[in-house]
Amino acid sequence: MKEGYELIYKRPKALVDVRMHYCPGCFHSTIHKLLMEVVEELDIQDKTIGVCPVGCSVFAYDYLDIDMQEAAHGRAAAVATGIKRMLPDRIVFSYQGDGDLAAIGLAETIHACNRGENFTFIFINNGIYGMTGGQMAPTTLEGQETTTSPYGRAPDKDGMPLKMAEIVSQFEMVAYVERVSCDTPANTRKAKRAIRKAFEFQMKGLGTTFIEVASNCPSGWKCTPEESLNWLKEHMFPYYPLGVLKEPSKKKKGNAARRTKTE
Amino acid sequence: MGEIRFMKGNEALAEAAIRAGLQGYFGYPITPQSEVIEYLAREEPKHNYVLIQAESELAAVNMLYGSAGAGGRVMTTTSSPGFTLMQEGISYIACTELPCVLVNVVRGGPGLGTIQPSQGDYFQAVKGGGHGDYNTPVLGPNSVQEMIDHVYLAFELADKYLTPVVILSDGAIGQMMEKVTLPEPIPYKPNKPWATTGKTADRERNILTSLFIQSEAMEKRNLRLQEKYRKIKENEVRYEEYQIEDAEIIVTAYGLCSRISKKAVELGREAGIKMGLFRPISLWPFPSKQIEEIASGDQVKFFISIEMNAGQMVEDVRLAVCGKKPVHFYGRQGGIVPTPQEVFNSIKEHLK
């Protein structure tokens with residue numbers, strides 16, 4: 001540190017210092033950083049276990065300096081369930097995209113939420129299949145053009161985009177649901193706060209915590225990073241509004257005790 | 001001396017798993033093996049294992065993946081259609097090299113099939129079953145006692161070789177009751193430094209994955225798996241012989257069929273026909289070398305494989321016999337269990 005300078009911002013130590021494979025402007029790298037900042041602030045690097053999905057973030061374990069498991073496509077919620085039930089005092093999260101969580105893995109997602117599995121979903125919703133080259137996702141917006149909906153998503157053929165945060169907030173055993181984004185510094189801070197809250201609720205054993213990130217995909221959306229931010233505001237936010245959808249009730253005692261039989 | 005009880009196959013298996021130090025069970029009800037999860041659910045308050053009735057076999061096998069990766073001694077049980085759903089997970093578990101036990105109490109297929117006993121899943125179990133080059137050790141119990149013994153053995157093999165291990169039972173052995181001796185519970189102290197239990201300051205992070213995007217790395221993992229399978233083939237072949245020494249006719253059969261065939265061999269001996277039974281216990285690795293040696297015997301006239309399917313293990317017998325002697329087959333399908341007399345008659349056909 002040079003004399004006269006004050007360190008106000010640095011890479012969290014749990015974020016591996018390597019070049020990421022993500023496209024320019026993609027939120028994945030930002031969300032990875034937020035996650036590891038929270039891990040560092042809560043001092044839980046030695047207790048946190050993550051589950052990678054199949055999707056663009058399939059290599060998240062290359063960047064996050066914590067123990068991780070790679071799940072089959074869509075099965076992250078079942079894998080996270082297995083980990084958390086074995087090790088109830090650890091902090092477990094699944095990191096999943098929209099194809100993974102809301103299409104092929106919808107059953108695993110819904111049932112993990114309904115059981116109130118005490119881990120955190122980090123759900124990256126960019127309305128498109130990024131890794132496989134821009135196909136339609138279960139969250140692709142009405143009329144949105146993708147490689148498999150070249151004339152726009154047609155509800156009479158493809159159904160309507162799934163509002164996952166709204167859906168899972170209906171479940172009794174789900175403790176906390178918030179939809180966030182990273183399009184502005186203010187929203188990025190809110191996103192970090194939401195992740196931190198989710199982890200804290202998990203540590204109290206309050207049940208399932210679910211953070212949906214209304215995210216972008218400049219490559220899949222065929223636009224510049226800057227244009228993608230505008231598209232987010234104009235099209236994604238009206239259909240996927242940001243904010244808290246569910247918070248733990250004050251009366252809720254939590255189910256940590258039920259899950260810690262092995263100790 | 002262990003505790004003697006009169007038990008149903010599925011319940012004996014469940015009790016054995018508890019005594020072997022079970023830490024996690026994930027399953028979905030399906031006939032004819034639902035007694036396993038029911039038994040474990042009843043016993044749960046007395047023990048320290050986690051039990052989840054999953055939303056599907058697909059979820060169950062992935063819970064198995066997660067919990068095995070977290071260092072648990074874990075098991076799932078299912079029957080044929082459920083075993084098909086689990087193939088995805090077994091492929092991932094085999095490649096990621098996680099120890100766990102899967103039990104298939106086989107029923108008749110294909111499709112929804114029947115709930116009656118069958119051996120129609122032999123191929124699926126011993127040839128890998130899912131995508132990619134892999135095998136899993138497969139044990140074929142033929143009694144309620146072996147449902148117990150094989151659980152202990154399966155957990156041991158899983159930990160020793162870091163692999164999923166399959167117990168290939170069937171609806172009859174799962175449902176029937178026999179006198180058994182329950183072994184003493186074993187204290188299970190896992191030593192799994194590779195498990196994802198949280199990255200402590202004294203080690204690098206543990207990553208459990210079956211993804212190796214670079215071809216060279218993927219081939220390296222494949223070669224490592226094949227080297228492991230070579231060791232398993234060398235060390236873990238198990239079989240049983242009955243009246244083989246002077247036998248002119250070698251009956252091969254596993255699981256329930258081996259008991260029926262044993263009786264058929266006795267009928268043959270009573271009729272003055274020199275018959276013997278060769279019973280593979282480890283279905284993978286298959287006792288090929290032993291069968292090859294038997295086939296070299298001058299007095300041996302032919303082999304006949306007795307199965308409750310359209311002829312699956314017979315292919316492995318033929319590969320082992322390697323043209324030295326004729327290999328015949330007799331089987332029943334659709335959940336029908338052949339009688340000893342029927343098996344004996346089918347063998348006599350080849351003596352004409």
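Since we're looking at a predicted model, the values are computed, not measured. (Residues numbered from 1 in each chain as written. Chains lettered and ligands numbered in written order. Predicted model: local features only at pLDDT ≥ 70, side-chain atom pairs only at ≥ 80, totals over all residues. Heavy atoms only, no water.)

*Asks:* What am I meant to see in the overall build of chain B here?
*Replies:* A count of helical and extended segments in chain B gives 12 helices and 15 strands. For 352 residues, the compact-globule formula gives about 20 Å, and the C-alpha radius of gyration of chain B, at 21 Å, lands near that figure. For the C-alpha atoms alone, the extent of chain B along its principal axes is close to 75 × 50 × 40 Å. Intrachain contacts of chain B at a sequence separation of at least 6 include 79% that bridge at least 24 residues. Within chain B, one finds 37 positive and 42 negative side-chain charges whose respective centroids are separated by 2 Å. (Helix = DSSP H or I, 4+ residues; strand = E, 2+ residues; numbered from the N terminus. Rg over C-alpha atoms; globule rule 2.2 N^0.38 Å. Contact = heavy atoms within 4.5 Å. Lys, Arg positive; Asp, Glu negative; His and termini not counted. Charge placed at Lys NZ, Arg CZ, Asp CG, Glu CD.)

*Asks:* When you look at the domain arrangement of chain B in this model, what are you seeing that I'm missing?
*Replies:* Think of interface size as the accessible area that goes away when the parts come together; that is how it is often given. All names here are of chain B. With domains assigned, chain B is organised as domain 1 (3–235) and domain 2 (240–349). Its largest share of buried area at the contact with domain 2, domain 1 owes to Q119, Y122 and N142, together 33% of the area lost on that side. Scanning the region where domain 1 abuts domain 2 turns up 3 salt bridges. With a shortest N-O distance of 2.5 Å, R279 and E146 are connected by a salt bridge. Applying the counting criterion to the domain 1 and domain 2 interface returns 17 residue pairs in polar contact (both at pLDDT 80 or more). Elements with a contribution of two residues or more to the side of domain 1 that touches domain 2: α5 (122–126), β6 (138–139), α6 (144–161), β7 (164–170), α7 (171–175) and α8 (215–235). Class assignment of the residues belonging to the side of domain 1 that touches domain 2 gives a composition of 14 nonpolar, 11 polar and 6 charged. (Domains from an automatic or database assignment. Buried area = accessible area lost by both parts, 1.4 Å probe. Salt bridge = Lys/Arg side-chain N within 4 Å of Asp/Glu carboxyl O. Polar contact = N/O pair within 3.5 Å; in protein donor to acceptor, adjacent residues only side chain to side chain. Nonpolar A, V, L, I, M, F, W, Y, C, P; charged D, E, K, R; others polar.)

*Asks:* I'm lost on the interface of chain B and chain A in this one. Help?
*Replies:* The partner chain A presents 37 residues to the 37 residues of chain B that form the contact. Counting the surface chain B buries against chain A, the share from its top three residues, E55, K199 and R205 of chain B, is 21%. The tally of links from chain B across to chain A stands at 4 salt bridges. Between D65 of chain A and R205 of chain B there is a salt bridge, with its nearest N and O atoms 3.5 Å apart. The tally of links between chain B and chain A comes to 18 residue pairs in polar contact (both at pLDDT 80 or more). Among the secondary structure elements, those contributing two or more residues to the side of chain B that touches chain A are β3 (50–53), α3 (57–69), α4 (80–96) and β9 (207–208) of chain B. Residue contributions to the side of chain B that touches chain A peak at 8 residues, all from α3 of chain B. In the side of chain B that touches chain A, the residues fall into 16 nonpolar, 15 polar and 6 charged. Pairing of strand β2 (residues 67–70) of chain A with β9 of chain B, which is carried by 2 bridges, proceeds in the parallel orientation. Residue pairing across strands places Q69 of chain A opposite L208 of chain B, the latter belonging to β9 of chain B. (Pairing = 2+ DSSP bridges.)

*Asks:* I'm lost on the packing of aromatic side chains in this one. Help?
*Replies:* Two aromatic rings, taken as a pair, are described by how far apart their centres are and by the angle between their planes. Taken as a whole, this structure holds 13 aromatic pairs over all chains when the rule is applied. Taking 6.4 Å as the distance between ring centres and 85° as the angle between the ring planes, the aromatic pair formed by F59 of chain A and Y61 of chain A counts as edge-to-face. Here F59 of chain A falls in the buried class, since its relative accessible area comes to 19%. Each ring, one from Y122 of chain B and one from Y254 of chain B, has its centre 5.5 Å from the other, and the planes form 45°; the classification is tilted. Of the two residues, Y122 of chain B is situated in helix α5 and Y254 of chain B in the loop between β11 (249–252) and α9 (255–270); the sequence distance between them amounts to 132 residues. (Phe/Tyr/Trp six-rings, centres within 6.5 Å; stacked < 30°, edge-to-face > 60°. Buried < 20%, exposed > 50% of the residue type's maximum accessible area, 1.4 Å probe, protein only.)

*Asks:* Would you mind showing me how to read a nonpolar patch on the surface here?
*Replies:* Residues and elements named next belong to chain A. Among the surface-exposed residues, M1, Y5 and L7 lie close enough to one another that they form a single nonpolar patch of about 400 Å² accessible area. Examined against the element boundaries, Y5 turns out to sit in the segment before α1 (28–41). Among the residues examined, Y5 registers a relative accessible area of 57% and is labelled exposed. (Patch = residues over 30% accessible without salt bridge, like charges linked within 9 Å, V, L, I, M, F, W, Y side chains within 5 Å. Areas by Shrake-Rupley, 256 points an atom, 1.4 Å probe, with all protein chains shown as cover.)

*Asks:* Is there a simple way to explain the side chain of E108 of chain A in this structure?
*Replies:* Assignment of secondary structure puts E108 of chain A in helix α4 (residues 106–114). Here E108 of chain A is in contact with G74, R75, A77 and A78 of chain A together with E55, L58 and A59 of chain B, once residues within four sequence places are set aside.

*Asks:* Could you clarify how one ought to interpret the nonpolar core in this entry?
*Replies:* Within the largest apolar cluster, 138 residues are counted, with the highest numbers of intra-cluster contacts made by F210 of chain A together with L40, M75 and F303 of chain B. With 11 residues, α6 of chain B is the largest single contributor of residues to this core. Summarising the domain contributions, this core has at least three residues from each of domain 1 (3–235) and domain 2 (240–349) of chain B. When sequence neighbours within four positions are dropped, the list of residues in contact with F303 of chain B reads I250, T252, I291, I294, A295, V317, V321, K325, P326, V327 and H328 of chain B. Counting 51 residues, the second-largest nonpolar core is a separate cluster that includes C52, Y95, I122 and A194 of chain A. (Core = buried A, V, L, I, M, F, W, Y, C linked by side-chain atoms within 4.5 Å.)

*Asks:* Would you explain the pattern of salt bridges in this entry?
*Replies:* Pairing between side chains of opposite charge can happen when their charged atoms approach one another. All names here are of chain A. Going through the model one piece at a time under the given rule, you end up with 44 salt bridges over all chains. Ionic pairing is found between R85 and E117, a salt bridge with its closest N-O pair at 2.8 Å. Here R85, found in helix α2 (residues 76–86), pairs with E117, found in the loop between α4 and β4 (120–125); they are 32 residues apart in sequence, far enough to count as distant. Classification of E117 as buried rests on a relative accessible area of 1%.

*Asks:* Looking at this model, I keep getting lost on the pairing of strand β14 (residues 302–307) of chain B. Mind explaining?
*Replies:* Put simply, side chains in a regular strand alternate between the two faces of the sheet. All names here are of chain B. With respect to burial, β14 is a largely interior element, 6 of its 6 residues being buried. Every second residue of β14 is oriented toward a common face, with F302, I304 and I306 on one face and F303, S305 and E307 on the other, all of them buried. Two strands pair when backbone bridges link them, and β14 and strand β15 (residues 327–331) are joined in this way by 5 bridges, in the parallel orientation. What sits directly across from F303, in β15, is V327. Tracing the backbone out of β14, into helix α11 (residues 313–321) and back to the parallel element β15 gives a crossover that is right-handed. (Right-handed = clockwise from strand over helix to strand, strands pointing away.)

*Asks:* Would you mind showing me how to read the side chain of K33 of chain A here?
*Replies:* Counting through the fold element by element, K33 of chain A comes out in helix α1. Buried within the structure, K33 of chain A lacks any salt-bridge partner; E37 of chain A is the closest side chain of opposite charge, at an N-O distance of 4.2 Å.

*Asks:* Quick question: what am I supposed to make of the sheet that holds strand β7 (residues 174–181) of chain A here?
*Replies:* If you walk across this open sheet you meet the 8 strands as β9(A)-β7(A)-β8(A)-β4(A)-β3(A)-β1(A)-β2(A)-β9(B), and the pairing is mixed. The strands lining the two open edges of the sheet, one partner per strand, are β9 (243–246) of chain A together with β9 of chain B. When strand β1 (residues 48–52) of chain A meets β2 of chain A, the two strands line up parallel, connected through 4 bridges. Bridging from a neighbouring strand, I49 of chain A pairs with D67 of chain A of β2 of chain A. Sheet contacts for α3 of chain B: β2 of chain A together with β9 of chain B; angle to β2 of chain A, the most-contacted strand, approximately 155°. (Axes fitted to C-alpha atoms, helices over the stretch in contact; angles between N-to-C directions.)

*Asks:* How do you make sense of unusual backbone geometry when you look at a structure like this?
*Replies:* Backbone phi values are negative for most residues with the exception of glycine, while trans is the configuration of most peptide bonds. Between T31 of chain B and the following residue, P32 of chain B, the backbone shows a cis peptide bond with an omega angle of 10°. When you line up the elements, P32 of chain B lands in the loop between β2 (24–27) and α2 (34–43). Of the consecutive residues W284 of chain B and P285 of chain B, the connecting peptide bond is found in the cis state with omega at 5°. Among the secondary structure elements, P285 of chain B is positioned in the loop between β13 (282–284) and α10 (288–295). Phi is positive for D43 of chain A, close to 55°, though the residue is something other than glycine. Structurally, D43 of chain A can be placed in the loop between α1 and β1. The residue C322 of chain B is not glycine, and still its phi comes out positive at about 55°. Assignment of secondary structure puts C322 of chain B in the loop between α11 and β15.

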